[in-house]
Amino acid sequence: MSTDILKMSEDGGILTLLLNRPEKRNALNGALVGSLAAALEDARDREAIRVILLRGAGPDFCSGADLEELEGMLDQSQDAGLEDARRLGALLLAMRQHPKPIVAVVQGRALAGGCGLATACDLVLAHEDALLGYPEVHLGFVPAMVMAILRRKLTEGRAFELVALGRRISAEEAHRIGLVNRVIPGEGFEGRVSELAVEMANKPASALALTKALLYEQADLSVADGIERGAWVNVEARRTDACRDGVRSFLSGRKGEAG
């Protein structure tokens, strides 16, 4: 399913989606958003795929919206504009609701919609030289669709500062405020990314899918409802082959130690 603007490759249960518009710093246009949505939908029920890596070709992860395409839409009707905005919103929601862990591998710049794409991933691994930020305010624009996710990842104060000042921040600062999970040195970057991806791919897929879904559901539930939902997921997990095999294997090992 690879296309000119989105390259796909699989290796050992890891699907890599490579944004391939390096001449545009991998800016998001309608075609790229559509290709990403289609690739994620295709991967949803494929048992062979355990982890999805999202990367950018060339020196940058993603510079945000394709401003040339956006300029052509500035005078379109409200309905047409809403339809276009909802396509990106639907992609971000699909990422959050996807059963597979999605990991952003950020090198270079991840700005505006590109930073939003990374924020919508479950984990963000950043090269030590990466720059992230939401500079939309400088153009009189708003990082609108990702705000619902950004607000859940950061405190209100952190989120407001980030979007209101529109500063580009280093990978280290992004890690400090909680936007990035890990900052990886340039030397050995690819090897460390691969190690982390393989480590996650080796975890039981059913457990990861249930964990991801339950974690994000909690944002919309009261504590009491969240605990009750957790009880149902607990029972659902017990009924999976992965859990049964894991518990029995552990106990078998303990008996061997006792002997």
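What comes next concerns the included structure. (Residues numbered from 1 in each chain as written. Predicted model: local features only at pLDDT ≥ 70, side-chain atom pairs only at ≥ 80, totals over all residues. Heavy atoms only, no water.)

For the rest of this paragraph, the subject is helix α1 (residues 30-43). Here α1 spans 20 Å end to end across 14 residues, near enough to the 20 Å set by a 1.5 Å rise per residue. Taken together, the buried positions of α1 are L32, V33, S35, L36, A39, L40 and A43. The buried residues of α1 occupy one face: seen down the axis, they fall within an arc of 160°. (Helix = DSSP H or I, 4+ residues; strand = E, 2+ residues; numbered from the N terminus. Expected span 1.5 Å × (residues − 1). Buried < 20%, exposed > 50% of the residue type's maximum accessible area, 1.4 Å probe, protein only. Arc of directions from axis to C-beta.)

Let us look at the pairing of strand β6 (residues 123-127). The element β6 is extensively covered by neighbouring structure, given that 4 of its 5 residues are classed as buried. Bridge count between strand β4 (residues 102-106) and β6: 4 bridges; the pairing is parallel. Paired with V106 across the strands is A126, a residue of β6. Bridge count for β6 against strand β9 (residues 182-184) is 3 bridges, and the pairing is parallel. Bridge assignment links A126 to a residue of β9, and that residue is V183. (Pairing = 2+ DSSP bridges.)

Counting 46 residues, the largest nonpolar core has M95 and L117 as the members making the most contacts within it. The element best represented in this core is α1, accounting for 6 residues. Other than its neighbours up to four places away in sequence, L117 contacts L19, L28, L36, L54, F61, L91, L92 and M95. The next biggest cluster of nonpolar side chains, apart from the first, holds 13 residues, and it includes L53, L125, V193 and A201. (Core = buried A, V, L, I, M, F, W, Y, C linked by side-chain atoms within 4.5 Å. Contact = heavy atoms within 4.5 Å.)

For the rest of this paragraph, the subject is the sheet that holds strand β2 (residues 14-19). The strand order across the open sheet formed by 6 strands is β1-β2-β3-β4-β6-β9, and the pairing between neighbours is mixed. Each edge of the open sheet carries a strand with a single partner, namely β1 (6-11) and β9. With direction set aside, neighbouring strand axes in the sheet form an average angle of 20°. Relative to β4, strand β3 (residues 51-56) runs parallel, the two being bridged by 3 bridges. Across the sheet, residue I52 finds its bridge partner in β4, namely I102. Relative to β2, α1 is tilted by about 175°, and along the sheet it contacts β1, β2, β3 and β4. (Axes fitted to C-alpha atoms, helices over the stretch in contact; angles between N-to-C directions.)

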